[in-house]
Amino acid sequence: MAAQSVRIFLVDTNFQVMARRPGGTDPAAAVKAAERELNDLKLDFDDWLDQETKALSDIVAEAAADELDRAAWIDAANLHGRRLQDVASTLGFDAVASISRSLCDIFDVIAERNRFYLELVECHVRALELIHQDQYRDKSLSDLSELLHGLDQLVAAAKLLTRERPKVPGLDPPAPPDDVSPPAASTRQGDTRSHDLRAGADAAAG
Amino acid sequence: MEPGQPFRLSMRSAMSETTINLADLHFLVADESYYYTKVIQSIFHGFGVRRVLATHDAVSTLEVLIQSKIDLLICDTSLPPAGGLSVVRGIRRNPSCPFRTLPIMVMTTAATPVVVAKARDAGANMVIAKPVSPKALYQRLAWIAFSPRPFVDAGTYFGPDRRFKIEGFPNGVGRRAGDKPIEVGMETGPAMSQDEIDNLLSSTRSGQA
């Protein structure tokens, strides 16, 4: 077999040539200017959060009504959750960032363990709606610690429940409908199969 | 510098007080989220970049790269439809691509060791973890500008030399022919911080991991 030739060469791209020119903004000033730009952008955050929360809420409602298949709603809701996490954490909206991070953790549990926790997603959406209300909007993380801690506990409980019942590929058949958290619609009708999680979700959402 | 020698990178000097001049440069931000592209555009505008384009999927990203003269691409790993790393691979692995050596920075929320290793192997110049801070972004731009790595064309890989070491690890050695290949397994840990990414890259490339 012929040896593969390896070519190593230096590249000076236009970016590198131009960026090294004298006369740029000094790092501290550039960072400050960028932070000012981000502060201006924050003025749009509330409207954007409204849109994203509404989109999440619509997805959850459709999922609860069985209008979307599981994969579709999980993908769609996950997308909005990641967006919220990215933007809120970058712009420093800590409460939104914390809730959306917790929401993304739920999606990770769903993805990793093939369990479907619609009510936990719903609970996080309600938490997002709650902290967007006027009386909660300016609360600090410590003011909202009970809510955030409750959500974290839900994630921990979801992980624990699925860990206790690991699936064995090839041996473990797909979970029957009553083995997983049922759709929110059925729990609302008094179904107690996911009572513990549901109770936790309600407590966390206040 | 002799081609083939591990590239010595003085991270501290490149990342602390180095001033870069970004005026007249054209950047492209590729992220699925419209709002997040605005976030990155705002940061770049603060740095003095006047022209920052934005795209939200792989096809439009490649179209803009073909039609416009872009000097740096910053691309999210979740870019639809197949992820930002497929865009990076598409650029690096196409011998006729006119912007094959374009500096590319990869952004990711899931900054796990697996994702960082995949970004490196796709040919990214740099990985930056979300949330992106202006300071971290500026430092990494300075790093790319002042510490350029040679490119390697090895048939199975085209991109910045993955062997480099950061001064400060005196016992580091480059990757050798006899070294075992890096095996990419399933993700097991949580997302890493930017510092952890930098440390991982430095130790891996200096043969210490």
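Computed from a prediction, not measured in an experiment: that's the story for all the values here.

Conventions used here
- Residues numbered from 1 in each chain as written.
- Chains lettered and ligands numbered in written order.
- Predicted model: local features only at pLDDT ≥ 70, side-chain atom pairs only at ≥ 80, totals over all residues.
- Heavy atoms only, no water.
- Helix = DSSP H or I, 4+ residues; strand = E, 2+ residues; numbered from the N terminus.
- Buried < 20%, exposed > 50% of the residue type's maximum accessible area, 1.4 Å probe, protein only.
- Contact = heavy atoms within 4.5 Å.
- Areas by Shrake-Rupley, 256 points an atom, 1.4 Å probe, with all protein chains shown as cover.
- Pairing = 2+ DSSP bridges.
- Axes fitted to C-alpha atoms, helices over the stretch in contact; angles between N-to-C directions.
- pLDDT = per-residue confidence, 0-100.
- Core = buried A, V, L, I, M, F, W, Y, C linked by side-chain atoms within 4.5 Å.
- Buried area = accessible area lost by both parts, 1.4 Å probe.
- Salt bridge = Lys/Arg side-chain N within 4 Å of Asp/Glu carboxyl O.
- Polar contact = N/O pair within 3.5 Å; in protein donor to acceptor, adjacent residues only side chain to side chain.
- Nonpolar A, V, L, I, M, F, W, Y, C, P; charged D, E, K, R; others polar.
- Disulfide = S-S within 2.5 Å.
- Phe/Tyr/Trp six-rings, centres within 6.5 Å; stacked < 30°, edge-to-face > 60°.
- Left-handed = near helix turned anticlockwise from the far one by under 90°.

Further remarks concern the overall build of chain B. The number of helices and strands found in chain B is seven helices and nine strands. Going through the 209 residues of chain B one by one, you find that 58% of them count as buried. In chain B, of all internal contacts separated by at least 6 residues, the share reaching a separation of at least 24 is 68%. As displayed, chain B has an accessible area near 8900 Å², and 52% of this comes from carbon and sulfur atoms.

It is worth spelling out the sheet that holds strand E1 (residues 7-9) of chain A at this point. Strand order in the open sheet formed by three strands is E1(A)-E7(B)-E8(B), with antiparallel pairing between adjacent strands. Two strands bound the open sheet, and with one partner strand each, they are E1 of chain A together with strand E8 (158-160) of chain B. Each neighbouring strand pair of the sheet contributes to a mean axis angle of 20 degrees, computed without reference to strand direction. Inspection of the sheet shows E1(A) paired to strand E7 (residues 151-153) of chain B by three bridges, in the antiparallel sense. Across the sheet, A:Phe9 pairs through a bridge with B:Phe151, a residue of E7(B).

Looking now at the confidence of the model for chain A. Per-residue confidence for chain A averages 80 on the pLDDT scale, and 76% of its residues sit at or above 70. Throughout residues 176-201 of chain A the model reports pLDDT below 50, and contacts reaching past four residues in sequence, or to other chains, amount to 44 contacts.

On to the nonpolar core. Counting 78 residues, the largest nonpolar core has B:Phe44 and B:Leu141 as the members making the most contacts within it. Element by element, the count of residues in this core is highest for helix H5 (residues 94-113) of chain A, at nine residues. Setting aside its immediate chain neighbours within four residues, B:Leu141 contacts A:Phe15, B:Ile20, B:Leu22, B:Phe27, B:Phe44, B:Phe47, B:Leu72 and B:Met105. Ranked by size, the runner-up nonpolar core spans 27 residues in total, among them B:Val64, B:Val106, B:Val116 and B:Ala122.

Further remarks concern the interface of chain A and chain B. Opposite the 42 residues of chain A that make contact, chain B presents 51 residues. Summed over both partners, the interface of chain A with chain B comes to about 3900 Å²; 65% of that surface belongs to carbon and sulfur atoms. When the area that chain A buries against chain B is broken down by residue, the three leading residues are A:Ile8, A:Phe15 and A:Pro27, summing to 17%. Linking chain A to chain B there are five salt bridges. Salt-bridge contacts for A:Asp44 lead to B:Lys38; the nearest nitrogen and oxygen are separated by 3.8 Å. Remark: the boundary between chain A and chain B carries 16 residue pairs in polar contact (both at pLDDT 80 or more). Broken down by element, the residue count for the side of chain A that touches chain B peaks at nine residues, all from helix H2 (residues 27-41) of chain A. Considering only residue class, the side of chain A that touches chain B consists of 21 nonpolar, 11 polar and 10 charged.

Residue and element names in this part refer to chain B. Counted according to the given criterion, the structure contains zero disulfides over all chains. With no disulfide of its own, Cys75 lies closest to Cys97 among cysteine sulfurs, the gap being 13 Å. Judged by its relative accessible area of 11%, Cys97 falls in the buried class.

Moving on, we come to the packing of aromatic side chains. Residue and element names in this part refer to chain A. Following the criterion strictly, the structure yields 10 aromatic pairs over all chains and no others. When the centroid spacing of 3.8 Å and the interplanar angle of 5 degrees are considered together, the rings of Phe45 and Phe93 count as stacked. Of this pair, Phe45 sits in helix H3 (residues 45-64) while Phe93 sits in the loop between helix H4 (70-91) and H5, and the two are 48 residues apart along the sequence. Assessed through its relative accessible area of 1%, Phe45 is described here as buried. According to the relative accessible area criterion, Phe93 is partly exposed, its value standing at 24%.

Sheet strands pair by backbone hydrogen bonding; their relative direction is either parallel or antiparallel. Residue and element names in this part refer to chain B. Pairing in this open sheet of five strands is parallel, and the strands run E3-E2-E4-E5-E6 from one edge to the other. Looking at which strands have only one partner, the edges of the open sheet turn out to be strand E3 (51-55) and strand E6 (126-129). Between one strand axis and the next, the sheet turns through 20 degrees on average, direction left out of account. Sheet topology note: the strand E4 (residues 72-76)/strand E5 (residues 104-108) ladder contains four bridges and is parallel. Across the sheet, the residue bridging to Cys75 is Val106, located in E5. Along the sheet, helix H6 (residues 134-146) contacts strand E2 (26-30), E4, E5 and E6; its crossing angle with E6, the most-contacted strand, is approximately 175 degrees.

On to the packing of H4(A) against H5(A), then. Residue and element names in this part refer to chain A. Taken N-terminus to C-terminus, the directions of H4 and H5 make an angle of 145 degrees; their axes are 8 Å apart at the nearest point. Judged by the twist between their axes, the crossing of H4 over H5 is left-handed. In this structure, H4 contributes Trp73, Ile74, Ala77, Asn78, Gly81, Arg82, Leu84, Gln85, Ala88 and Ser89 to the contact, and H5 contributes Val96, Ala97, Ser100, Arg101, Leu103, Cys104, Phe107, Asp108 and Ile110. Along the lines of polarity and charge, the residues of the contact of H4 with H5 split into 11 nonpolar, five polar and three charged.

Across all of its chains, the model carries 16 salt bridges over all chains by this definition. Note that A:Arg21 and B:Asp24 form a salt bridge whose closest N and O atoms lie 3.6 Å from each other. Linking A:Arg21 in the loop between helix H1 (14-19) and H2 with B:Asp24 in the loop between helix H1 (11-15) and E2, this pair reaches from one chain into another. Look at A:Arg21 and you get partly exposed, because its relative accessible area is 24%. The salt bridge partner of B:Asp161 is B:Arg163, with a shortest N-O separation of 3.2 Å. Residue classification places B:Asp161 among the buried residues on the basis of a relative accessible area of 2%.

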